[in-house]
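# Structure assessment
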Amino acid sequence: IPGSHSKQNPLGKLVMEGTIFMLMCIPLALLLSFQNHAWFFQGMLLIIGGRYLTFSTLYGIKVYWVLGGVLGATAFALFFLNGNPAISALSGSIIELGFGIFLFLSFKKKQSQWTKNPLKMSGPSKFNYCNEFNSRTCRSKWKGWHRLHP
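Residues numbered from 1 in each chain as written. Predicted model: local features only at pLDDT ≥ 70, side-chain atom pairs only at ≥ 80, totals over all residues. Heavy atoms only, no water.

## Things to note about the side chain of Ser91
Relative to the elements of secondary structure, Ser91 occurs in helix α4 (residues 85-116). Given the relative accessible area of 18%, Ser91 is considered buried. In contact with Ser91, other than residues within four places in its own chain, are Thr74 and Leu78. (Helix = DSSP H or I, 4+ residues; strand = E, 2+ residues; numbered from the N terminus. Buried < 20%, exposed > 50% of the residue type's maximum accessible area, 1.4 Å probe, protein only. Contact = heavy atoms within 4.5 Å.)

Here it is, written out as structure tokens:
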């Protein structure tokens, strides 16, 4: 599946570490909610958005930077506009659902391109193709591949 990391990737452990860090930050959002109920959702938007920023490095999909940035900017905008809890929760849900649909459609498009001609792939998918089938050829063809997949 495009977006998975190589087992040899030293940053692979960051996936679990980032998840644990995110879970450890939830009490901070809970404490914020004691001051203002809307701040829980705004704090969670920042926490989740920050976690998505690491996904670009881990999975090679740059759209995660956009998702993390949009979630963070939305949290700040809702804070300064004094958004209520329902609007804050709905905003995060809509953003993540929209990006989820975008990523799914992008994956399906890449998958259909791969089945037609696997040698003409671009983006993160080429790494998985190389890793599974012909790594020596791919290492010579795509610069930087060896940094992600030693």
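There is more to say, and it comes next.
## Section: the packing of aromatic side chains
Using the criterion set out here, one finds six aromatic pairs in the structure. Ring geometry for Phe55 versus Tyr64: centroids 5.2 Å apart, planes at 85 degrees, classification edge-to-face. With relative accessibility at 14%, the residue Tyr64 sits in the buried group. Three or more aromatic residues joined by ring pairs make a cluster, and in this case those are Trp39, Phe79 and Phe80. (Phe/Tyr/Trp six-rings, centres within 6.5 Å; stacked < 30°, edge-to-face > 60°.)

## Remarks on helix α1 (residues 14-35)
The end-to-end C-alpha distance of α1 is 32 Å, a good match for the 32 Å that 22 residues give at a rise of 1.5 Å each. Within α1, the full set of buried residues consists of Val15, Gly18, Met22, Cys25, Ala29 and Ser33. Here the buried face of α1 lies against α2 (37-59). (Expected span 1.5 Å × (residues − 1).)

Everything listed here is a matter of coordinates, which is why it stays silent on function.
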